[in-house]
Amino acid sequence: MGGRQGALRTGLGCALLLALFLLGFLGGWLMKPTKKTTNSADAYQNVRQKLVAEMKAENIKQFLRSFTKFPHLAGTEQNLHLAKQVQAQWKEFGLDSAELVHYDVLLSYPNETQPNYVSIIDDQGNEIFNTSLFEPPPVGYENISGVVPPYNAFSAQGLPEADLVYVNYGRTEDFFKLEREMGINCTGKIVIARYGKIFRGNKVKNAILAGAKGIILYSDPADYCAPGVDPYPSGWNLPGGGVQRGNVLNLNGAGDPLTPGYPAKEYTFRSEVDEGVGIPKIPVHPIGYHDAEILLRILGGPAAPDNSWRGNLNVSYNIGPGFAGSYSIRKVRMHVHSHNKITRIYNVIGTISGAEEPDILFWEDIETPGYLVGLIQPLAQLFFKKLLGVLAKWQWKENAKVLQERAVAYINTDSSIEGNYTLRVDCSPLLYKLVYNLTEEIASPDEGYEGKSLYESWLEKDPSTESKSHPRINKLGSGSDFEAYFQRLGITSGRARYTKNRRADKFSNYPVYHTVYETFELVERFYDPTFVKQLTIAQLRGGLVYELADSQVIPFNCKDYGEDLRKYTDRIYNLAKKHEEQVETYGVSFGPLFSAVTNFTEAAADFHRRLKEVDVNNPIAVRIMNDQLMFVERAFIDPLGLPGRKFYRHIVFAPSSHNKYAGESFPGIYDAMFDIENKADQRKAWEEVKRQISIAAFTVQAAAGTLKDVA
């Protein structure tokens, strides 16, 4: 996010910094070889209480302010200065080590002398309207240098000219609607899509598949302005000149585009810059809704097919192609001059060595901002986190072999606050019970819930759609640093933050997402004035870190995994039943998958029965059980990966093929059945469904086998 966007995200990181939990945290998981006595158990509890007590809202505020004073775009001197600042701070805190580790990755920057913009041109090629080159700076930031103008990282360069077509959110179903129902062909056109609903890179991919020459992205007030709230700085809504930045890569877990699957070190083979993985081949540029309104107001063609295609601008939301009436001879021209180059970036890796089993690793990732100055999720961060994060953290997988053998868990420290309504948790089912237990011990920061636990306010505000007895926990998708560890390596992962009312609030994310208006003052004035919600998130993350690192037995619950597997199997089976005739014709059976899930559920129940009886005075017996807990997530990894997405190897969870932000269960089966009724070769299509069912059944059955008694 822009401005001092890192504040929200960094705020959480800062609290954990103070608690000595850090980015790249590799703490020893301390499996105690002897049973805790009453005194040792009390001491254990006291340490955790002391850890939580050391976290102060004022400290979070001060660290956030310090880290977000100036822009520090990835690959710049300012970014290196920030990395050294973090390194020095960790050394002062007494970490066993704090090292700078560098990688040379492909990054994207706007052209300093040729800014990007969109224009309307007449029949002579004269530009009669140009979109804004910069966002109006927020009050107090007029003299801040180093703020990059709005751009979409990794866009192709170009000056395409064409008629304009409005494609709603640019989702797969939106393009289906245009092509199949309305007969509108986007080939050779420039399309305009509103931000929201799905990852921006998926919008670009869909535009490319539809044959578009370029794509313009904008934030519609319907998606980025909450009713009754003023635009920033009077309120927390998006101003008309605000523009969301963000990368538009479609990496599918590849990491650095030039070294897919491998760390971008000096010795690594690199593809040519124009041959990088996932880099779009058409120009992409974002604009604000004031500029978008001018383009959309004069669009011709048919009206929007229904209200779901209409936003809140004062326009009719016609589809096009091309402009109406006297504007019909005019076209749109894009000017995109951004460039990609190999740039050195840095990870700060801090370690605290375990006292008894330093060979077992646990780590936490703290992110810092990059695009601008950063508050909630600075633009800086989009670059530093989503690129340096998703790239550099992918780069740190040069230690993948070590992590696969020794890593217990990964806690992702992304934005700590994207709203102020209630808690949001995304994690592996193995962590459900631990998350619920910890939130029952943490006081709720919500107004009206004084004297109640975080669990109680969370449950009342956001109950699970499947079981009203527990709060909702989401599947892990992507768009953050856990991707490499969870989706490729199978390391149990989780993330937590405060969020909006997702049932009532229809606007996307938080309105000033990735703009220059994501400032320290945004958080201080509107989202978390007392910083107590960020303190709550720090306490939860700190509790997760401490329990995972220091519990005698790893606090994973395999039975919750079994329950979720059953739900996911029911869901994908019910999806297939919509094609009942084809399922029968082509002999598609989900029996093997249901059987494997039953076997896993039974194996999990038996494992936890034996776990209760384990001799905790026998370090070998405890280590055996802990190893089984640590490796059960790994058992869901298929070394061949998903079809067309080989770096996503988790068979149960993966980012949706149609929205990178969202998690999909049994993604191989789901993708095989997606739009299957329109596949030309029905037999071949259903054979692929059967193949994916067999892979899922084998994987779940194999995971069940890892939980069996080894004695």
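To be clear, the structure that these remarks concern was listed above.
Residues numbered from 1 in each chain as written. Predicted model: local features only at pLDDT ≥ 70, side-chain atom pairs only at ≥ 80, totals over all residues. Heavy atoms only, no water.

S.K.: I keep staring at the pairing of strand E20 (residues 653-656) and nothing clicks. Help me out?
M.R.: Regular strands place their side chains on alternate faces of the sheet. As defined by bridge partners, E20 adjoins strand E21 (residues 659-665) across four bridges and the pair is classed as antiparallel. For Phe-653, the partnering residue across the bridge sits in E21 and is Ser-665. With antiparallel pairing between neighbouring strands as the criterion, E20 and E21 make up a hairpin whose turn holds two residues. (Pairing = 2+ DSSP bridges. Helix = DSSP H or I, 4+ residues; strand = E, 2+ residues; numbered from the N terminus.)

S.K.: When you look at the pattern of salt bridges in this model, what are you seeing that I'm missing?
M.R.: Should their charged atoms come close, side chains of opposite charge can pair. Using the criterion set out here, one finds 36 salt bridges in the structure. The partner of Arg-424 in a salt bridge is Asp-426, with the nearest N and O atoms 3.1 Å apart. For the pair formed by Arg-424 and Asp-426, the shared burial category is buried. A salt bridge links Glu-687 to Lys-690, with the shortest nitrogen-to-oxygen separation between them at 3.0 Å. (Salt bridge = Lys/Arg side-chain N within 4 Å of Asp/Glu carboxyl O. Buried < 20%, exposed > 50% of the residue type's maximum accessible area, 1.4 Å probe, protein only.)

S.K.: How should I be thinking about the nonpolar core in this particular structure?
M.R.: Burial of nonpolar side chains together is a common tendency in soluble globular proteins. The biggest cluster of nonpolar side chains holds 145 residues, and the ones touching the most others in it are Ile-216, Tyr-218, Leu-295, Leu-593, Phe-600 and Phe-666. Among the elements that take part in this core, helix H21 (residues 682-705) stands out by supplying ten residues, more than any other. (Core = buried A, V, L, I, M, F, W, Y, C linked by side-chain atoms within 4.5 Å.)

S.K.: Would you mind showing me how to read unusual backbone geometry here?
M.R.: Residues apart from glycine generally show negative phi values, whereas peptide bonds are mostly found in trans. The omega angle of the peptide bond from Tyr-232 to Pro-233 is 15 degrees, so this bond is cis rather than trans. Following Gly-320, the chain continues to Pro-321 via a peptide bond in cis, the omega torsion being 5 degrees. Secondary-structure assignment places Pro-321 in the loop between helix H8 (289-297) and strand E13 (331-335). At Lys-197, a residue that is not glycine, the phi angle is positive and equals roughly 75 degrees. The topology assignment puts Lys-197 in the loop between strand E9 (190-194) and helix H6 (200-209).

S.K.: When you look at the sheet that holds strand E5 (residues 127-130) in this model, what are you seeing that I'm missing?
M.R.: Note on sheets: strands pair through backbone hydrogen bonds, and any given pair is parallel or antiparallel. Ordered by their spatial adjacency, four strands build an open sheet running E5-E4-E13-E7, and the pairing between neighbours is antiparallel. Sheet topology places E5 and strand E7 (161-162) at the edges, where each strand pairs with a single neighbour.

S.K.: Would you take a moment to explain the environment of Ala-88 for this structure?
M.R.: For Ala-88, the location among the structural elements is in helix H4 (residues 77-93). Residue Ala-88 is classed as partly exposed on the basis of its relative accessible area, which comes to 44%.

S.K.: For this particular structure, what's the right way to read the packing of aromatic side chains?
M.R.: Each aromatic ring pair is characterised by the separation of its centres together with the angle its planes make. Throughout the structure, instances matching the rule amount to 22 aromatic pairs. Ring centres of Tyr-166 and Trp-309 lie 6.1 Å apart, and the angle between their planes is 80 degrees; this geometry places the pair in the edge-to-face category. Highlighted residues: Tyr-166 in strand E8 (residues 164-166) and Trp-309 in the loop between H8 and E13, separated in sequence by 143 residues. Note on Tyr-166: relative accessible area 0%, which makes it buried. You can call Trp-309 buried: its relative accessible area is 2%. Note on Tyr-573 and Phe-590: the rings are 5.6 Å apart at their centroids and 75 degrees apart in plane angle, and the pair reads as edge-to-face. In this pair, Tyr-573 sits in helix H16 (residues 558-576) while Phe-590 sits in the loop between helix H17 (580-585) and helix H18 (591-613), placing the two residues 17 residues apart along the sequence. Under the relative-accessibility criterion, Phe-590 is labelled buried at 4%. The structure contains a cluster of three or more aromatic residues connected by ring pairs, namely Phe-486, Tyr-561, Tyr-568, Phe-600, Phe-636 and Phe-653. In this arrangement the basic side chain of Lys-461 is found over the ring face of Tyr-421, its NZ or CZ atom lying 4.6 Å from the centre. Across the ring face of Phe-199, the terminal group of Lys-660 is positioned such that the distance to the ring centre comes to 5.0 Å. (Phe/Tyr/Trp six-rings, centres within 6.5 Å; stacked < 30°, edge-to-face > 60°. Lys NZ or Arg CZ within 6 Å of the ring centre and 35° of its normal.)

S.K.: Help me understand the side chain of Asn-501 in this model?
M.R.: With respect to the element layout, Asn-501 can be found in the loop between strand E19 (493-499) and helix H14 (520-527). Within the local environment of Asn-501, its side chain forms a polar contact with the backbone nitrogen of Ala-504, the two atoms lying 3.2 Å apart. (Polar contact = N/O pair within 3.5 Å; in protein donor to acceptor, adjacent residues only side chain to side chain.)

S.K.: Sorry, what's going on with the packing of helix H11 (residues 432-441) against helix H12 (residues 454-461) here?
M.R.: The axes of two packed helices give the description: the angle between them and the distance between them. Look at H11 against H12: their axes get within 5 Å of each other, and the N-to-C directions meet at 115 degrees. With respect to their mutual orientation, H11 and H12 come out roughly perpendicular. Packed against H11, whose contacting residues are Val-435, Tyr-436, Thr-439 and Glu-440, the element H12 presents Leu-454, Tyr-455 and Trp-458 at the interface. (Axes fitted to C-alpha atoms, helices over the stretch in contact; angles between N-to-C directions. Parallel < 35°, antiparallel > 145°, perpendicular 65-115°, else oblique. Contact = heavy atoms within 4.5 Å.)

S.K.: I keep staring at H18 and nothing clicks. Help me out?
M.R.: Three or four residues apart is the spacing at which side chains of an α-helix point the same way, because the helix has 3.6 residues per turn. Taking 1.5 Å as the rise per residue, H18 with 23 residues should run 33 Å; its terminal C-alpha atoms sit 34 Å apart, in good agreement. Three or more residues of H18 are buried, namely Leu-593, Ala-596, Val-597, Phe-600, Ala-603, Ala-604, Phe-607, His-608, Arg-610 and Leu-611. Packed against the buried residues of H18 are H16, helix H19 (619-631), helix H20 (667-673) and H21. (Expected span 1.5 Å × (residues − 1).)

S.K.: In this structure, what is going on with the environment of Arg-649? I would like to understand it.
M.R.: Note that Arg-649 resides in the loop between H19 and E20. Taking the C-alpha atoms as reference points, Arg-649 and Phe-486, 163 residues apart in sequence, are found 9.0 Å from one another. Arg-649 has contacts with Gln-404, Gln-487, Arg-488, Leu-489, Phe-636, Ile-637, Asp-638, Pro-639 and Gly-641, leaving out every residue within four places of it along the chain. Side-chain polar atoms of Arg-649 contact the backbone oxygen of Arg-488, separated by 2.7 Å.

S.K.: Would you mind going over the sheet that holds E9 with me for this structure?
M.R.: Strand order in the open sheet made by the four strands is E8-E9-E10-E12, with parallel pairing throughout. In this open sheet, the two strands that pair with only one neighbour each are E8 and strand E12 (284-287). Mean inter-strand twist for the sheet, computed between neighbouring axes without regard to direction, equals 25 degrees. By the bridge criterion, three bridges tie E8 to E9 in an arrangement that is parallel. Note that in E9 the partner of Leu-164 across the bridge is Ile-190. Each of E9, strand E10 (214-218) and E12 is contacted by H6, which is oriented at about 150 degrees to E10, the strand it contacts most.

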